[in-house]
Amino acid sequence: MSANKAELPVLRIALLGAGVVGSEVARLLKDNEEDFAARVGAKFELVGVAVRDAKKDRAGIPANLITTDAEKLLDDNIDVVIELMGGIEPAKYLILRALKNGSSIVTANKALLAKYGAEIFAAAEANDADVYYEAAVAGAIPLLRPLRESLVGDKVRRILGIVNGTTNFILTKMDEEGSDYTEVLKEAQALGYAETDPTADVEGHDAAAKAAILASLAFHTRVTIDDVYCEGISKVTAADIKAAKDMGFVVKLLAVAELSDDEKGVVVRVHPAMVPKSHPLASVRLSFNAVFVEADAAGQVMFYGRGAGGAPTASAVLGDLVAVSRNKVSGRRGPGESVYAELAPLPISAAKTRYSINLKVADQPGVLATIANTFAKHDVSIQVVRQDGHGDAAFLLVRTHLATDKALSQTLAELKSLSAVSEVVGVMRVEGSAN
Ligand SMILES: NC(=O)c1ccc[n+]([C@@H]2O[C@H](COP(=O)([O-])OP(=O)(O)OC[C@H]3O[C@@H](n4cnc5c(N)ncnc54)[C@H](OP(=O)(O)O)[C@@H]3O)[C@@H](O)[C@H]2O)c1
């Protein structure tokens, strides 16, 4: 930090990446220069912007700031590094280097934090620096700071969220237009809501990284992406969505993190789930995100807004920039990683939820009783059964009360071996249902 003519100290800022988010951060930094100075009590000086290709046109960013030498930029007495390159390397190496230099970090890199958060937070601690990452989960929605600060006096039991806009866009279109997954994916790609390679979104990996970050913060424990059970939406069919709809449910890709009953473990999972139409998450449409937090004293709290996009994500990045800069100005650090609870990450078999099972059944007497007995044998209690069709096209739709994933898997294995069941057509978890 150095003082300038106007008596305000100057904070030297380095930006790594000037893509979708980075370019918006650079623009807003310039547009709101004076407000930032007044809010922080220091002037921001953007010292350099590291990119891969120096020849690309970067509207709004002075050409003399562009560099392909990120290391040299980091070593130039930087107060705050904003990392918006994404991916694991070189982002990890550069962040660790910047921390070693004593710079604080603002990042939106969920993939990196969900895998190597421990190493990065330890380096921040060792170098008395901040690492802020509000933009890494749910874009513009203030969520991590409320979890870290506003709800820190409470006990969070459960988090249920729609944290990936691409999959929510696809599922909304499938629900509202009756379209097929492949058809809607193509539309999402044409509109820029899905990448050319959509794997990270549609297979749930992006949501799993966010779930790990949310669970770590909410439960004061370390959860990495490797601890998260992950199932995407690529196998969800138009028929699954219609069956859910007929029963008053909407299919959503949910990130769920739950404290176990004995409070010694946490199950974190990402998968498609049926949500009752009356639940607030059911009305979260298209690319919007929403996260529902259940805490002992607060009860249920919901956060809603834009989960991605250049400007919305830049809003969260700049909020963090102001926060770490205020810390710099006052010579403090924000709260570091809180992992004292050391909960065990539990496997999916320990998860407890409700299920909806669609069975194609044989047209013979006693079928219902045989099937009901199989559920009972594994301690899975049935809430509703509905029969559709008859003869060769007879289906039973069974919805259960709470059961463990393990009990359900055992039930399904036995159902598949019964002559009464010709096929287990579909199985989907049911979340947000009160009974
Ligand atoms: N996009 C969103 O809506 C969104 C939302 C929330 C969080 N995020 C997170 O924000 C971060 C940035 O995302 P984005 O969408 O802005 O990415 P992006 O559009 O792909 O931009 C990445 C930027 O980083 C630069 N870069 C990549 N590798 C580099 C390297 N090895 N050396 C130097 N520069 C390099 C690229 O340079 P070139 O321009 O020369 O290629 C580009 O400017 C990611 O961690 C992402 O997960 C994004």
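Novice: Explain the packing of helix 13 (residues 367–377) against helix 14 (residues 405–417) to me, please; I cannot follow it from the model alone.
Specialist: For any two helices packed against each other, one specifies the crossing angle of their axes together with the interaxial distance. Where helix 13 contacts helix 14, the axes come no closer than 9 Å and their chain directions differ by 150°. Relative to helix 14, the element helix 13 is oriented roughly antiparallel. In the packing of helix 13 onto helix 14, the handedness of the crossing is right-handed. In contact with Ile371, Thr374, Phe375 and Lys377 of helix 13, helix 14 contributes Thr411, Glu414 and Leu415. Looking at the contact of helix 13 with helix 14 residue by residue, the class counts come to three nonpolar, two polar and two charged.

Novice: Help me understand the domain arrangement of the protein chain in this model?
Specialist: By the assigned domains, the protein chain splits into domain 1 (2–140 + 311–330), domain 2 (144–306) and domain 3 (351–430). Each partner contributes to the interface: domain 1 provides 18 residues, whereas domain 2 provides 18 residues. In total, about 1,400 Å² of surface goes out of reach between domain 1 and domain 2, with carbon and sulfur atoms giving 62% of it. Of all residues in domain 1, Ala114, Tyr133 and Val137 bury the most surface against domain 2, accounting for 36% of the area lost on that side.

Novice: Where do I start with the pattern of salt bridges in this structure?
Specialist: Opposite charge on two side chains makes pairing possible when the charged atoms of those side chains draw close. Taken as a whole, this structure holds 32 salt bridges when the rule is applied. The partner of Arg12 in a salt bridge is Glu45, and the shortest N-O contact between them spans 3.8 Å. Here the residue Arg12 occupies a position in strand 2 (residues 9–16), and Glu45 occupies one in strand 3 (residues 43–50), the gap between them amounting to 33 residues. Residue class for Glu45 comes out partly exposed when judged on its relative accessible area of 37%. Lys173 is the partner of Glu177 in a salt bridge, and the nearest nitrogen-oxygen pair spans 3.2 Å. A residue pair is termed a helical-turn pair when its members lie 3 or 4 positions apart in one helix, as Glu177 and Lys173 do in helix 7 (residues 165–177) at four residues.

Novice: So what exactly am I meant to see when it comes to the site of the ligand here?
Specialist: By nearness alone, 22 residues border the ligand, and Ala18, Val21, Asp53, Arg58 and Gly309 come closest of all. Within the backbone of Ala18, an N or O atom sits 2.8 Å from an oxygen atom of the ligand. In this structure, Lys110 approaches the ligand through a side-chain N or O atom, which is 3.3 Å from an oxygen atom. Within the complex, the protein chains bury 79% of what would otherwise be the 900 Å² of accessible surface of the ligand. Class assignment of the residues belonging to the shell around the ligand gives a composition of eleven nonpolar, six polar and five charged.

Cut-offs applied
- Residues numbered from 1 in each chain as written.
- Predicted model: local features only at pLDDT ≥ 70, side-chain atom pairs only at ≥ 80, totals over all residues.
- Heavy atoms only, no water.
- Axes fitted to C-alpha atoms, helices over the stretch in contact; angles between N-to-C directions.
- Helix = DSSP H or I, 4+ residues; strand = E, 2+ residues; numbered from the N terminus.
- Parallel < 35°, antiparallel > 145°, perpendicular 65-115°, else oblique.
- Left-handed = near helix turned anticlockwise from the far one by under 90°.
- Contact = heavy atoms within 4.5 Å.
- Nonpolar A, V, L, I, M, F, W, Y, C, P; charged D, E, K, R; others polar.
- Domains from an automatic or database assignment.
- Buried area = accessible area lost by both parts, 1.4 Å probe.
- Salt bridge = Lys/Arg side-chain N within 4 Å of Asp/Glu carboxyl O.
- Buried < 20%, exposed > 50% of the residue type's maximum accessible area, 1.4 Å probe, protein only.
- Near = heavy atom within 4 Å.
- Polar contact = N/O pair within 3.5 Å; in protein donor to acceptor, adjacent residues only side chain to side chain.
- Areas by Shrake-Rupley, 256 points an atom, 1.4 Å probe, with all protein chains shown as cover.

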